[in-house]
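Fold and contact review
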Amino acid sequence: RNWVPSRKEFNPKDLNAIKWSLEVLSPYRQTHRFISEVQMKFSFFDSMVSGTPDLVLISDTDCQVWDFKTGKPNEEKALSYWFQLKAY
């Protein structure tokens, strides 16, 4: 969106994560539209599901959902994250 924080607001670890994200996303700048933090609602097996993916990349040929996770990964969390991404 339109919020641009000062570099002073981030610690070195956060700056490295931001740098990595920008490097990974850079190849998509010319070919995809970026949609960030927009809530999605849809019917899924007779239930309403809503979620807010971190980033959706849309082009003429594909659509990718990017949802960044923080903290240490574990098997229990991985299953719910997998379901979340598949539902999107």
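Residues numbered from 1 in each chain as written. Predicted model: local features only at pLDDT ≥ 70, side-chain atom pairs only at ≥ 80, totals over all residues. Heavy atoms only, no water.

**Let's talk about the overall build of the protein**
Counting secondary structure elements, the protein contains two helices and five strands. Listing the helices and strands of the protein from first to last along the sequence gives α-β-β-β-β-β-α. Relative to its length of 88 residues, the protein is extended, with a C-alpha radius of gyration of 15 Å against a globular reference of 12 Å. Summarising its shape, the C-alpha atoms of the protein cover approximately 45 × 35 × 20 Å along the three principal directions. (Helix = DSSP H or I, 4+ residues; strand = E, 2+ residues; numbered from the N terminus. Rg over C-alpha atoms; globule rule 2.2 N^0.38 Å.)

**A look at the confidence of the model for the protein**
In this model, the protein carries a mean pLDDT of 85, and residues with pLDDT of at least 70 account for 98%. When pLDDT is averaged over each element of the protein, strand β4 (residues 55-58) comes out on top at 94 and helix α2 (residues 75-87) at the bottom at 80. (pLDDT = per-residue confidence, 0-100.)

**As for the environment of T61**
Along the chain, T61 turns up in the loop between β4 and β5 (63-66). Under the relative-accessibility criterion, T61 is labelled exposed at 75%. The spacing of T61 and H32 is 29 residues in sequence and 9.4 Å in space, taken between C-alpha atoms. (Buried < 20%, exposed > 50% of the residue type's maximum accessible area, 1.4 Å probe, protein only.)

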